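Secondary and tertiary structure notes
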Amino acid sequence: MQQHPFTFSVSVPEETLSVFDKHIVRRLSAMQGQYLDTQAFKTMLSQDPVLYEVYEINRPELAGELMNGITIVHPGKIGEEYFMTKGHFHNLLATAEVYYCLKGDGMMVMETPEGEWAVEELHPASVLYVPPRWAHRSVNTNPHDDLLMFFVYPANAGHDYGTIEQHGFHQLVLERNGHPQIVENPRWRQQER
Ligand code: F6R
Ligand code: ZN
């Protein structure tokens, strides 16, 4: 593990990191129960498209260290709903994250365990600060191009995917009349407290 300062580059047109340790490829089959249109989900499952990819620089999962890398969400829809990431709370709930959008257009859907929600648009040069306690999911709303973001978060944050898998996000981003629309998720369930 590199303990000396180091530099790397994110190449925007090629969507590559010059240094990385991990490459995650997430397909539709990993998103069971997350898309509203279950019929469209089933139909698309035969192709099992790649929805998004993550390239990450690994750091020790210790307080004081920072994980960082890029997320690429590909364009596409399942029914009316755009390709998106699974979304998660951080295991260490009180940890924040910063996203820097380098390419494409999208939205970050966010919510707290108490059910407060927010959706922020992402365009090239947008910097998004996700405060501690906010679950987050990236959605690519551009039908023609990848959404490319650089992210940084505390290396000891950890990921809780289960809560979102069970409860969903409060808001969905659907394409209606050719435009992204934020709509209430009819299947969202408030977390028991
Ligand atoms: C890390 C983070 C991002 C996501 C990535 C993929 O805390 O928020 O690096 O991990 O955008 O999304 P998920 O992890 O929700 O599949
Ligand atoms: Zn995160």
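Coordinates for the structure precede this section.
Now for a look at the structure at hand. Quantities reported herein were computed from a predicted structural model and do not represent experimental measurements. (Residues numbered from 1 in each chain as written. Chains lettered and ligands numbered in written order. Predicted model: local features only at pLDDT ≥ 70, side-chain atom pairs only at ≥ 80, totals over all residues. Heavy atoms only, no water.)

Structural notes on empty space enclosed by the protein
Within this structure, the stated rule accounts for two cavities of 30 Å³ or more. The space that makes up the largest cavity amounts to roughly 60 Å³. Taken together, 13 residues line the largest cavity, and the ones lying closest to its centre are Glu111, Thr112, Trp188, Arg189 and Gln191. Per-element tally for the lining of the largest cavity: the top contributor is helix α2 (residues 162–167), with three residues. In terms of residue class, the lining of the largest cavity is made up of four nonpolar, seven polar and two charged. Space inside the second largest cavity adds up to approximately 30 Å³. (1 Å grid on protein atoms, 1.4 Å probe; cavity = no way out; pocket = protein on both sides within 12 Å on 5 of 7 lines; lining within 4 Å. Points joined across faces, edges and corners; volume = space filled by probe spheres on them. Helix = DSSP H or I, 4+ residues; strand = E, 2+ residues; numbered from the N terminus. Nonpolar A, V, L, I, M, F, W, Y, C, P; charged D, E, K, R; others polar.)

Re the sheet that holds strand β5 (residues 66–73)
Sheet strands line up and pair through hydrogen bonds in the backbone, either parallel or antiparallel. As summarised here, the arrangement of the six strands in space is β3-β4-β5-β14-β9-β12, forming an open sheet in which the pairing is antiparallel. Edge positions in the sheet fall to β3 (22–27) and β12 (127–130), since each of these pairs with one other strand and no more. Each adjacent strand pair in this sheet contributes to an overall mean axis angle of 20°, direction not counted. Strand direction decides the pairing type here: β5 and strand β14 (residues 147–154), joined by eight bridges, are antiparallel. Each bridged residue has a counterpart across the sheet, and for Ile70 the counterpart in β14 is Phe150. (Pairing = 2+ DSSP bridges. Axes fitted to C-alpha atoms, helices over the stretch in contact; angles between N-to-C directions.)

A word on the pattern of salt bridges
Enumeration according to the criterion identifies eight salt bridges in this entry. A salt bridge links Glu165 to Lys86; the nearest nitrogen and oxygen atoms lie 3.2 Å apart. Within this pair, whereas Glu165 is found in helix α2, its partner Lys86 is found in the loop between β7 (81–82) and β8 (89–90), the two being separated by 79 residues in sequence. Residue Lys86 is classed as buried on the basis of its relative accessible area, which comes to 13%. (Salt bridge = Lys/Arg side-chain N within 4 Å of Asp/Glu carboxyl O. Buried < 20%, exposed > 50% of the residue type's maximum accessible area, 1.4 Å probe, protein only.)

Quick notes on the packing of aromatic side chains
If you walk through the whole model with that rule in mind, you get five aromatic pairs. Ring geometry for Phe8 and Phe150: centres 6.3 Å apart, planes at 40°, overall tilted. Taken together, the positions of Phe8 in the segment before β1 (10–11) and Phe150 in strand β14 put the pair 142 residues apart, joining distant regions of the chain. Given a relative accessible area of 24%, Phe8 falls into the partly exposed group. A centroid spacing of 4.9 Å and a plane angle of 75° characterise the contact between Phe20 and Tyr55, whose relative ring orientation is edge-to-face. Taken together, the residues Phe20 in the loop between β2 (16–17) and β3 and Tyr55 in strand β4 (residues 50–57) connect sequence positions 35 residues apart. What makes Phe20 partly exposed here is its relative accessible area of 39%. For Tyr55, a relative accessible area of 15% gives the class buried. Here the aromatic cluster, defined as three or more aromatic residues joined through ring pairs, consists of Phe6, Phe8 and Phe150. When the ring centre of Tyr161 is taken as reference, the NZ or CZ atom of Arg26 above it lies at 5.8 Å. (Phe/Tyr/Trp six-rings, centres within 6.5 Å; stacked < 30°, edge-to-face > 60°. Lys NZ or Arg CZ within 6 Å of the ring centre and 35° of its normal.)

Some thoughts on the coordination of the zinc ion (ligand 2)
Every protein donor of the zinc ion (ligand 2) is accounted for by His88 (NE2), His90 (NE2), Glu97 (OE) and His136 (NE2), and the metal-donor separations fall at 2.0 to 2.2 Å. Viewed at the metal, the six donor atoms of the zinc ion (ligand 2) are separated by angles of 75 to 172°, and the geometry they form is octahedral. Within one chain, the residues donating to the zinc ion (ligand 2) are spaced in sequence as H-x1-H-x6-E-x38-H. Exposure remark for His90: the relative accessible area of 4% places this residue in the buried category. (Donors = N, O, S within 2.8 Å, 3.2 Å for Na, K, Ca; no water. Tetrahedral: all angles 85-135°; square planar, octahedral: opposite > 155°, others 65-115°.)

Some thoughts on the layout of surface pockets
In this structure, the largest pocket occupies an estimated 430 Å³ of space. Looking at the largest pocket, it is lined by 25 residues, and the ones nearest its centre are Glu56, His88, Tyr153, His159 and Tyr161. At the level of elements, β3, β4, β5, β9 (97–103), β13 (135–140) and β14 are the ones that each hand at least two residues to the lining of the largest pocket. A per-class count over the lining of the largest pocket returns nine nonpolar, nine polar and seven charged.

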